[in-house]
Amino acid sequence: MAKIVLVLYDDPVDGYPTSYARDDLPKIERYSDGQTLPTPKAIDFQPGTLLGSVSGELGLRPYLEGLGHELIVTSSKEGTDSVLDQHLHDAEIVISQPFWPAYMTKERIAKAKNLKIIVTAGIGSDHTDLDAANAHNITVAEVTFCNSISVAEHVVMMILGLVRNYIPSYQWVMKGGWNIADCVSRSYDVEGMHVGTVAAGRIGLAVLKRLKLFDMHLHYTDRHRLPESVEKELGLTWHAKREDMYGVCDVVTLNCPLHPETEGMINDETLKLFKRGAYLVNTARGKLAVTDSIVRALESGQLAGYAGDVWYPQPAPQGHPWRTMPHHGMTPHISGTSLSAQARYAAGTREILECYFEGRPIRDEYLIVQGGKLAGVGARSYSVSDSGKEKMAKI
Ligand code: NDP
């Protein structure tokens, strides 16, 4: 019998939902690169229900208890008194989502003598010390592609929200006003604007594809160029250096991983390279930007707006300056955990667990670390230095 610790975010303040806004989810056959969606043998949840909070349990309880395992579900994950810590000594599996990550540090991994696999129900395993996982021969797996389009949609929403001045206009309605001039004095069309993404991976490329339909001029910078056919089809302009791209763009969106080369890349100096009045959207990682530099740029007008769903630290404290800076459109870290995304990563987590318990290989697309080294998609997307400090971070 295995003990599984499942760390999830809290239920809604008004309690776990008893009904939903919609009755079903659209059926998606494949991801855009041809990868298949999760293929568990069965699921014990209704797609479209809240699975990512404590009462949702990722729909795993019937399956795991049916096999005789013990499932602990908790949102308590910080500090040595947390429920997570209390169960680490004999846990065989730890599962969490990047939105509410169980930080699997080397200290925690050393305490977890029975730990065999750490699963990210979502994308990005930077909350796990991959060096320590390697050293203890622990498998790390995540559900690649499950929420990439969810994030891309959030990016497009935020670009439109900022440029068209949606949130302040909504607030005038809520205040009982009809203040058209107040609303439109910061409102523009995106048509004809130049938009650039730092990185054109799964999310960045999906953003570009969607923005093409808005007749925007599309730019990107990445370590590798996209195939010529893709550049041609979308009419993309490639920039060898991100610093070369900033100055030609009205809107910049960050879609690269956090690693030593990208940490703090948006700062007082690089913001000077932006056009005055540019918009910046960051759903990749809070630490890509220097917190106070963003505040200063919004206050001076160098940036016309900033939006995103990633912060540092997370959860953001009450006094975090991004809560109160002008012209922002921040959300908590939610872009990758829509009900649609939850159904996919709950099914993907179930698939990974079925493989684990049945002794079948976990697909390469999901593997980050196995057998003491980076494996599968992890071998392409992550790097682990000798000190473990150069881990690439993918939420
Ligand atoms: P991908 O791995 O598909 O794409 C990342 C791209 O970034 C790759 O093309 C990579 O190039 C490129 N890249 C890496 N370093 C640099 C750099 N220094 N400059 C320019 N490009 C670089 O990842 P996704 O598109 O799926 O995700 C992107 C990021 O979005 C994640 O790393 C994560 O931080 C964030 N994310 C956020 C979520 C949320 O809920 N808000 C959910 C999921 C992801 P190469 O091929 O050479 O490695």
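Quick notes on the rules
- Residues numbered from 1 in each chain as written.
- Predicted model: local features only at pLDDT ≥ 70, side-chain atom pairs only at ≥ 80, totals over all residues.
- Heavy atoms only, no water.
- Salt bridge = Lys/Arg side-chain N within 4 Å of Asp/Glu carboxyl O.
- Helix = DSSP H or I, 4+ residues; strand = E, 2+ residues; numbered from the N terminus.
- Buried < 20%, exposed > 50% of the residue type's maximum accessible area, 1.4 Å probe, protein only.
- Core = buried A, V, L, I, M, F, W, Y, C linked by side-chain atoms within 4.5 Å.
- Contact = heavy atoms within 4.5 Å.
- Pairing = 2+ DSSP bridges.
- Axes fitted to C-alpha atoms, helices over the stretch in contact; angles between N-to-C directions.
- Phe/Tyr/Trp six-rings, centres within 6.5 Å; stacked < 30°, edge-to-face > 60°.
- Lys NZ or Arg CZ within 6 Å of the ring centre and 35° of its normal.
- Disulfide = S-S within 2.5 Å.

### A look at the pattern of salt bridges
Argument step 1. According to the stated counting rule, one finds 22 salt bridges in the structure shown.
Argument step 2. Here Arg164 ties to Asp189 by a salt bridge, and the two come within 2.9 Å at their closest N and O atoms. Residue Arg164 is found in the loop between helix 5 (148-163) and helix 6 (166-174), and its partner Asp189 is found in the loop between helix 7 (180-184) and strand 6 (194-198); the two are separated by 25 residues along the sequence.
Argument step 3. Assessed through its relative accessible area of 42%, Arg164 is described here as partly exposed.
Argument step 4. Looking at Asp189, the relative accessible area reads 45%, which means it is partly exposed.
Argument step 5. A salt bridge links Arg363 to Glu365, with the shortest nitrogen-to-oxygen separation between them at 2.9 Å.
Argument step 6. For Glu365, a relative accessible area of 30% gives the class partly exposed.
Argument step 7. One continuous salt-bridge network, built from bridges that share partners, spans Lys41, Asp44, Arg350, Glu354, Glu358 and Arg360.

### A few points about the nonpolar core
Argument step 1. Counting 39 residues, the largest nonpolar core has Leu6, Leu58, Ile95, Tyr345 and Ile352 as the members making the most contacts within it.
Argument step 2. Secondary structure elements with two or more residues in this core: strand 1 (3-7), helix 1 (61-66), strand 2 (70-74), strand 3 (93-96), strand 4 (117-120) and helix 13 (339-358).
Argument step 3. The leading source of residues in this core is helix 13, at 8 residues.
Argument step 4. Setting aside chain neighbours within four positions, we find Tyr345 in contact with Tyr9, Gly52, Leu58, Gln97, Phe99, Ala121, Gly122, Val143, Cys146, Gly336 and Thr337.

### Comments concerning the sheet that holds strand 2
Where strands meet in a sheet, backbone hydrogen bonds hold them as pairs that are either parallel or antiparallel.
Argument step 1. If you trace the 7 strands from one edge of the open sheet to the other, you get 2-1-3-4-5-12-13, paired in mixed fashion. Looking at strand neighbours, the two that pair on one side only are strand 2 and strand 13 (373-374), the edges of this open sheet.
Argument step 2. Direction of pairing for strand 4 relative to strand 5 (residues 139-142): parallel, over a ladder of 4 bridges. Across the sheet, Ile118 pairs through a bridge with Val140, a residue of strand 5.
Argument step 3. Sitting on the sheet, helix 13 touches strand 1, strand 3, strand 4 and strand 5, and the angle it makes with strand 3 is about 170°.

### Structural notes on the packing of aromatic side chains
Argument step 1. In total, this model carries 7 aromatic pairs according to the counting rule given.
Argument step 2. When the centroid spacing of 5.2 Å and the interplanar angle of 70° are considered together, the rings of Tyr356 and Phe357 count as edge-to-face.
Argument step 3. Assessed through its relative accessible area of 24%, Phe357 is described here as partly exposed.
Argument step 4. Seen from the ring of Tyr312, Lys287 lies directly overhead, with NZ or CZ sitting 4.4 Å from the centre.
Argument step 5. Seen from the ring of Tyr63, Arg350 lies directly overhead, with NZ or CZ sitting 4.0 Å from the centre.

### Side note on the state of the cysteines
Argument step 1. Scanning all chains against the criterion turns up 0 disulfides.
Argument step 2. The closest cysteine sulfur to the non-disulfide-bonded Cys355 is located on Cys146, 16 Å from its own sulfur.
Argument step 3. Note on Cys355: relative accessible area 4%, which makes it buried.

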